[in-house]
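Coordinate inspection notes
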Amino acid sequence: MSVILTLLAALIATGACAYHRSSLRTWAIATVIATVVVGLIAGAPWTTFILVVIELAIAVPLLMDGFRRKQISAPLLKIFAKVTPKLSETEQTALEAGTVGFEGELFSGKPDWHELLKQPKPELSVEEQAYLDGPVEELCGMIDDWQITHELADLPPDVWAFIKKHKFFGMIIPKQYGGLGFSALAHSAVLQKLATMSATVASTVAVPNSLGPAELLLHYGSDEQKNHYLPRLAIGEEIPCFALTGPYAGSDATSITDFGVVCKQVVDGVETLGMKLTFDKRYITLAPIATVVGLAFRLYDPEKLLGDKEDLGITLALLPRSTPGLEIGRRHFPLNVPFQNGPLHGKDVFVPMSVLIGGPHMAGHGWRMLVECLSVGRAISLPSNATGGVRAAVAATGAYARMRKQFGLSIARFEGVEEALARIGGLTYATAALSRATAAAVDRGEKPAVPSAIAKYHATEWGRTIAGDALDVHGGKGVQLGPKNYAGRAWQGVPIAITVEGANIMTRSLMIFGQGAIRCHPYVLKEMQALSIPDYGDRLKAFDRALFGHIGFGISNAVRSLTLGLTGSRIGDTAGDAYVRRYYRKLNRYSAALALCADVFMGVLGGKLKFKEKLSARLGDVLSYLYIASAMLKRYEDTGRPEADRPLLAWAFHECMWRIQTALDGAIRNFPVRPVSWLLRALVFPWGRREVPPSDRLGRRVAAIITAPGEARDRLTEWTYLTPTANNTIGRMNALLPDVIAAEPVERKFGKAQKAGQFKSHDYVGQLVEAMQAGVINTAEFELLKRVREGVFEFISVDDFDPSELRAAVTRADLKKKLADAA
Ligand SMILES: Cc1cc2nc3c(=O)[nH]c(=O)nc-3n(C[C@H](O)[C@H](O)[C@H](O)COP(=O)(O)OP(=O)(O)OC[C@H]3O[C@@H](n4cnc5c(N)ncnc54)[C@H](O)[C@@H]3O)c2cc1C
């Protein structure tokens, strides 16, 4: 017994030090003292002696810097240098671009919640709010999405003119160049509101404000280029596009085959240094109408006219549309969401060196320029458009499910429908918090490489889930396209968002964990960077520091994961009110589990992990859901901990925890080295898998929130265009919703009388009249039921067409004939 007590004392002291991340020195002192005190009191001198010898044998060599470096770190450095995959220049650039924000805390295994909560609450300025209530509201009032998507396959001229006049294309351009100079939050809010009316309009506005000529000019343009282009881009006098993708370069944008060759050519009688460009680009948004084309290509200088390098690398230029040889104007047709998108080509197109963004000295720096700017645009455009879409789905589906009756009841009352409504409400809460958090990160000056990938992936994937649920709840009404259908085009267009700016499969499998593990991990990047230090002594010192920090970090995470797992996340640092305190503790637990698994996976699999995408995707999921859950908790605090939002927060939080558990379980289960997998399972799930998905009862509360007006629903549908204008069915449905709800008890009275066979008339209004005459309902109730019946009829109606209306105005045969006649 005395031996066990002594061992236990040493173990508890070790565990407590590891849990709290004490230094090696503190651990040595604490463990020796605990062993000696308990050992002697318990009467186990020999055990005490042996344990103290072991403890000192571990601590002393490790505390002797010179010995430790030479005998331990030096051989490990050799092995590490051998097994670490050499990063290509492009991978290196991608890893170095961007900053690390709160996601770094989530990867630390011990997040500091006060860091999160002290971040300023993101808010719109008065001017930005006025823009949202003014021009954005007005533009929403002008949009007829059926006209855009079916009749014109383009925005009508008045919408184009309004967009340009009110500087929708200049949101990220500073005021000194005539732009709006908006915050990322305002930019996001504008896109969200437009997306609630039309994916085509939102995409059209998103692109010039995302990665493209304006963003690149702002960061790298020469003063002359900035002064020329930015004021013209701000007011839409120039329409930009940015062309990177081609047939052979999609997800792997570095593999572009488009090239330029530096040469001299006589232009207007003057010998001019320039390039001959050959390119074949596709999928380029706004290209068909662009007046200035941002072009990415690989530049070669075989005659060494610029310097002594022949292959200069990826280079970016701005070509005016009038450039001779630039073939542009044809369109692609992305899934009936007809924003301008098309190919462009050129062969041996000569342009002067002055077209390079930033001037000739920026030749070859294109990849760095792109990755440095990519995260900012990706953090805003697609997450915002997706968030607008899901907010509209809440407003539309919540109202529709309440007013659509089957079997004598609102379809919202059926549990099957309720399940879909709960997903719509809960996931919208999460999506909105996520996109707000990434916009706020941009406003804090971050270049959020990892959060932007998380936001892009999850906002669009949840957009896909919610669009599907919304369509299911609408039944035939969602499927029949026409001016009355507000859900079909959003559902059709979702795969576009899934594909662009880093297609989702790759974003999940390669980018989120791949970048997150190296960028956010407190030691991995330092270890890798140590390898490139030229002086051996400095290299060894840096490696030694990182390595032992890393080992302590790993031990601590194993202890934290096990302790928090054993206690069911009931202990540990926390923040927030009594309702959410347990949520923070759960996040502590899974943060430690992620950090532990990441270390073990990287340590055991090394460079092979890069190709084990199914494993890294799952660890990326864990990081994502930790980030999303943190964003929701921050939102809950920022909105003053509203009680009304708790069901939404709880549903979304439990969903995230359930998904984290599934991801961790899948990663551990499929880890190829079985004993390691067993050990991880014991440390991560000591009591097995205990998380459960959100309960049916919670789902009912969420469904109730989105099917009736209220403050939580208002927050969910923030930045949704709900003005009940003629072009806005969703707005008018929401305006009728209070009447629909007020009518429900009256309908029940009327229904009883109807079932009792009290009425002779077969017609609804006729029966209402009889009910009023019989005193079943009063005059005001008669008016209410009549008004609701008429209103609802409009919203459940669908379109029908003369067959000729559905035929394409120009068939292929017509076009062939036209072209032949012209020839
Ligand atoms: C409507 C639209 C607008 C666009 N606008 C522009 C624009 O303005 N400018 C521009 O330059 N480009 C634009 N793009 C291009 C867009 O960014 C690319 O389509 C995208 O990068 C994917 O390339 P891809 O379509 O060739 O797919 P591919 O690269 O062929 O990918 C096919 C599938 O394989 C997956 N995949 C590829 N590599 C990996 C990997 N290593 N691991 C796991 N999965 C992988 C992808 O996720 C995808 O699911 C646009 C595309 C579309 C459809």
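Residue numbers here run from 1 along each chain, matching the order of that chain's written sequence. Reporting in this predicted model follows two pLDDT cut-offs: at least 70 for local features of residues, and 80 or more for side-chain atom pairs to be given and counted; totals over whole chains, interfaces and linings ignore these cut-offs and use all residues. With hydrogens and water stripped out, all remaining heavy atoms of the structure feed into the side-chain values.

Stated formally: UniProt positions are given in the numbering used here, feature names are shortened, and annotations may be inferred rather than shown by experiment.
As recorded in an unreviewed UniProt entry, the chain goes by Acyl-coenzyme A dehydrogenase and comes from Dyella japonica DSM 16301. Taken directly from UniProt, the Pathway (unreviewed entry) text for the chain runs: "Lipid metabolism; fatty acid beta-oxidation." In its Sequence similarities (unreviewed entry) section, the UniProt record describing the chain reads: "Belongs to the acyl-CoA dehydrogenase family."

**Let's talk about helix α16 (residues 415-443)**
Using the following cut-off: Labels follow the DSSP assignment, with helices taken as runs of H or I lasting at least four residues and strands as runs of E lasting at least two, numbered in each case from the N terminus. Expected helix span is computed as 1.5 Å times (number of residues minus one). The classification of residues rests on relative accessible area computed with a 1.4 Å probe and restricted to protein chains. Under 20% of the type maximum is buried, over 50% is exposed, and intermediate values are partly exposed.
In a regular helix each residue adds 1.5 Å, so 29 residues correspond to 42 Å; α16 covers 42 Å between its end C-alpha atoms and thus fits that length. With 24 of its 29 residues buried, α16 lies for the most part within the structure.

**As for helix α14 (residues 223-234)**
Cut-off, in case you're wondering: The directions from the helix axis to the C-beta atoms are what the arc is built from. Contact between two residues is taken to exist if any of their heavy atoms lie within 4.5 Å; hydrogens are not considered.
An ideal rise of 1.5 Å per residue puts 16 Å on 12 residues; α14 measures up with 16 Å between its terminal C-alpha atoms. All of the buried residues along α14 are Q225, K226, Y229, L230, L233 and A234. Along α14, the residues classed as buried sweep out an arc of 125 degrees about the axis, all on the same side. Those residues of α14 that are exposed and angled more than 90 degrees off the buried face are E224 and N227. Residues of α14 that are buried in the fold lie against α10 (157-165), α13 (213-220), β1 (240-243), β4 (292-300) and β5 (311-320). Residue G236 follows α14 closely and has a positive phi angle near 75 degrees.

**A look at empty space enclosed by the protein**
Here is the rule we go by: Here the term cavity refers to a set of points on a 1 Å grid, laid over the protein atoms alone, in which a 1.4 Å probe fits but cannot get out; the term pocket refers to an open set having protein on both sides within 12 Å along at least five of seven lines, with lining residues being those that place an atom within 4 Å of a point. Grid points are joined across faces, edges and corners, and a volume is the space filled by probe spheres set on the points. Residue classes follow a fixed rule: Ala, Val, Leu, Ile, Met, Phe, Trp, Tyr, Cys and Pro count as nonpolar, while Asp, Glu, Lys and Arg count as charged, and any other residue, Gly among them, counts as polar.
The tally for this structure, following the rule as stated, stands at 2 cavities of 30 Å³ or more. In this structure, the largest cavity encloses a volume near 210 Å³. Residue lining of the largest cavity: 20 residues in total, with L116, Q119, A437, A631 and K634 positioned closest to the centre. Listed by contribution, the elements that provide at least two residues to the lining of the largest cavity are α6 (102-106), α16 and α24 (613-638). Top contributing element to the lining of the largest cavity by residue count: α24, with 6 residues. Broken down by class, the residue content of the lining of the largest cavity amounts to 10 nonpolar, 3 polar and 7 charged. Of the pockets and cavities examined, the second largest cavity occupies roughly 100 Å³. What lines the second largest cavity is R391, Y429, A432, A433, R436, R635, D645, R715, L716 and E718.

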